[in-house]
Amino acid sequence: MNNLLTAARARLPRPGKAAAENAGSDNAGSDKAGADNADAKKSATATAPPRTRFGVWLGRPMTSFHLIIAVASILVTLGLIMVLSASGVYSYDSGGSPWTVFLKQVVWTLVGLVAFYVALRMPIRIMRKLAFPAFALTLVLLVLVLVPGIGKVANGSRGWFVFGGFSMQPSELAKMAFAIWGAHLLAARRMEQATLRQMLVPLLPAAALALTLIFMQPDLGQSVSLSIILLGLLWYAGLPLKLFVSTVSGAVVAAGILAVSAGYRSARVQSWLNPMADAQGSGYQARQARYALANGGLFGDGLGQGTAKYNYLPNAHNDFIFAIIGEELGYIGAAGVLCLFGLFAYTGMRIARRSADPFLRLLTATVTLWVIGQAFINVGYVVGLLPVTGLQLPLISAGGTSTATTMLILGVITNAARHEPEAVAALRAGRDDRVNRLLRLPPPVPYVPSRLEVARDRLRTKEGKPPGKAVKKAPPKSPVKAGQKARAKQPRKVPAADARRSAQPGERTARRAGHHGEGRNGRQGRGQQGRARSLEGQRYG
């Protein structure tokens, strides 16, 4: 009995030894798992660099859509607040009510919101189809506004239609329609591989006609704004640099000649070059604007507490509203407005860069340049860097037609943001977006390249391959020494008996067929492999 117990005890494993073995195995497994995790982390770090939360948010599909809506909302709201603050005295002196100009601005903002929503929902193909009829209609309006009795004169320019106390400026509509039609024309001609003359001949004569009609009003500010749109279309369409530089040089020379051709324009240039030469005449407005900016200081006098609007600064609610912003909100407020326009520029160019449709890419970039250029000119002549041209600060200055048309073109940009490839994929996959659900927007239609564009891409792919007849080659082998290659080419001598014993009948048939041109099966196998490779090149090339 004792012998049996002793034998059973000997067979049982010792606890210390078993624990040590288990611990050793666990340590080995943990070391291996740790090494695997380290390798995985190292490879992940090498392939995908760490990103911040802000970078992750910028990479989301609907970021551009949300950004453009947020920036537009802030600018429109700030514009209404500043128009109310800057126009109270002028409205009271004109009609006895401090709300007149502000209420008109609210009405035009509501019109702009409707236009924004219509442009946001409009399909791209319908927008391109209506581009030329809309531009032709604006040309007719530019002709009608020059007729005495139809067009009204204001500030020395016959450029307004007046209906029931509300004025409408057709040159603003002409700029927007020209931008859409020009982008449609250049995008279509580029798809057709048109020559430089075919791209410029329809565009430049139309632009020259519109500029002539606007200049006959006369309105130098709108002429400059339309010129910015034309130059933006030519630049983003990929015109040769020499032609673009010559066009810009010609435009600058023409603007200089026009600036000194008339008495009031020459006086503006003279007051810009020497503000104190006529401080109470042509240089009075620019001088008062700088005084208002200086009174604001760093933090400003407070919203509604400025004094320049008490008839010290003419057109305080319109062309020179940036001076009121600097006086009441200070340097901080003025810098904040400039940052908002900078964010708008970034968002517009981001949408243009991420768009797959050439029409939307060209239109978005051009319109962004137009808005930012107009804001730069307005701020430039308020602070004294540029001569006074009469261009308004977009979405902030009091101006009904300007506000409505700018909001309409912002709707087009927002529509382009929804048509980014990633946004289209996310929305059509059923991703929930609160803004889209709130606005009841339909899912965007993905961009489908035309047959001509697909054929051109295939031609480019073929041109990228080496010329000549394609030869099916075996996959490249690793390089070896010349002597090893020579020895490898020599057939190895194998005894006939061993060869007959080792080789199976199927292997002997395949070897015999390979020796005499690989046989029918071998040729078919290689042919199928070559066709598979060519199809793979077409699919991913």
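Residues numbered from 1 in each chain as written. Predicted model: local features only at pLDDT ≥ 70, side-chain atom pairs only at ≥ 80, totals over all residues. Heavy atoms only, no water.

Let's talk about the overall build of the chain
Then, in step 1: Helix and strand counts for the chain come out as 23 helices and 3 strands.
Then, in step 2: Looking at the chain as a whole, 38% of its 541 residues are labelled buried.
Then, in step 3: At a minimum sequence separation of 6, the contacts of the chain that also span at least 24 residues come to 70%.
Then, in step 4: Here the chain has roughly 31,600 Å² of accessible surface; of this, 62% comes from carbon and sulfur atoms. (Helix = DSSP H or I, 4+ residues; strand = E, 2+ residues; numbered from the N terminus. Buried < 20%, exposed > 50% of the residue type's maximum accessible area, 1.4 Å probe, protein only. Contact = heavy atoms within 4.5 Å. Areas by Shrake-Rupley, 256 points an atom, 1.4 Å probe, with all protein chains shown as cover.)

Section: the pattern of salt bridges
Then, in step 1: Tallying each qualifying case throughout the model produces 4 salt bridges.
Then, in step 2: Between Lys309 and Glu328 there is a salt bridge, with its nearest N and O atoms 3.1 Å apart. In this pair, Lys309 sits in the loop between helix H13 (284–296) and helix H14 (321–354) while Glu328 sits in helix H14, placing the two residues 19 residues apart along the sequence.
Then, in step 3: A relative accessible area of 1% means that Glu328 is categorised as buried.
Then, in step 4: The shortest N-O distance in the salt bridge between Arg354 and Glu420 comes to 3.0 Å. A residue pair is termed long-range when its members are at least 10 positions apart, and Arg354 in helix H14 and Glu420 in the loop between helix H16 (400–418) and helix H17 (421–428) qualify at 66 residues.
Then, in step 5: By relative accessible area, Glu420 is classed as buried at 0%.
Then, in step 6: Three or more residues are tied together by salt bridges with common partners; here these are Arg354, Glu420 and Glu422. (Salt bridge = Lys/Arg side-chain N within 4 Å of Asp/Glu carboxyl O.)

Comments concerning the layout of surface pockets
Then, in step 1: The computed volume of the largest pocket comes to approximately 1,200 Å³.
Then, in step 2: If you go around the largest pocket, you meet 45 residues; those closest to its centre are Ala154, Asn155, Trp160, Asn318 and Gln392.
Then, in step 3: For the lining of the largest pocket, the secondary structure elements donating two or more residues are helix H4 (63–95), helix H5 (100–121), strand E1 (152–154), strand E2 (157–163), strand E3 (166–168), helix H10 (220–236), helix H12 (263–273) and H16.
Then, in step 4: Across the lining of the largest pocket, the residue classes break down as 14 nonpolar, 24 polar and 7 charged.
Then, in step 5: Roughly 1,000 Å³ of internal volume is contained in the second largest pocket. (1 Å grid on protein atoms, 1.4 Å probe; cavity = no way out; pocket = protein on both sides within 12 Å on 5 of 7 lines; lining within 4 Å. Points joined across faces, edges and corners; volume = space filled by probe spheres on them. Nonpolar A, V, L, I, M, F, W, Y, C, P; charged D, E, K, R; others polar.)

Overview of the sheet that holds E1
Then, in step 1: The 3 strands lie next to each other as E1-E2-E3, forming an open sheet whose pairing is antiparallel. Looking at which strands have only one partner, the edges of the open sheet turn out to be E1 and E3. Ignoring which end each strand starts from, the neighbouring axes of this sheet average 55 degrees apart.
Then, in step 2: Bridge count between E1 and E2: 3 bridges; the pairing is antiparallel. Bridging from a neighbouring strand, Lys152 pairs with Trp160 of E2. (Pairing = 2+ DSSP bridges. Axes fitted to C-alpha atoms, helices over the stretch in contact; angles between N-to-C directions.)

Thoughts on the nonpolar core
Then, in step 1: With 95 residues, the main nonpolar core has Phe178, Leu203, Phe359 and Ile396 as its most contacted residues.
Then, in step 2: Take this core: its biggest share by element is 12 residues, from helix H15 (residues 358–383).
Then, in step 3: Among all residues touching Ile396, those that are not within four sequence positions of it are Leu75, Leu78, Gly79, Val83, Ile321, Ile325, Val337 and Phe341.
Then, in step 4: Of all hydrophobic cores here, the second largest spans 6 residues; its members include Val145, Phe161, Met168 and Ala404. (Core = buried A, V, L, I, M, F, W, Y, C linked by side-chain atoms within 4.5 Å.)

Considerations on the environment of Ile325
Then, in step 1: Relative to the elements of secondary structure, Ile325 occurs in helix H14.
Then, in step 2: Taking the relative accessible area as the measure of exposure, Ile325 reaches 0% and is therefore buried.
Then, in step 3: C-alpha of Ile325 to C-alpha of Leu303: the two residues are 22 residues apart in sequence and 8.5 Å apart in space.
Then, in step 4: Those residues in contact with Ile325 that lie beyond four places of it in its chain are Met82, Gly330, Gly333, Ala334, Val337 and Ile396.

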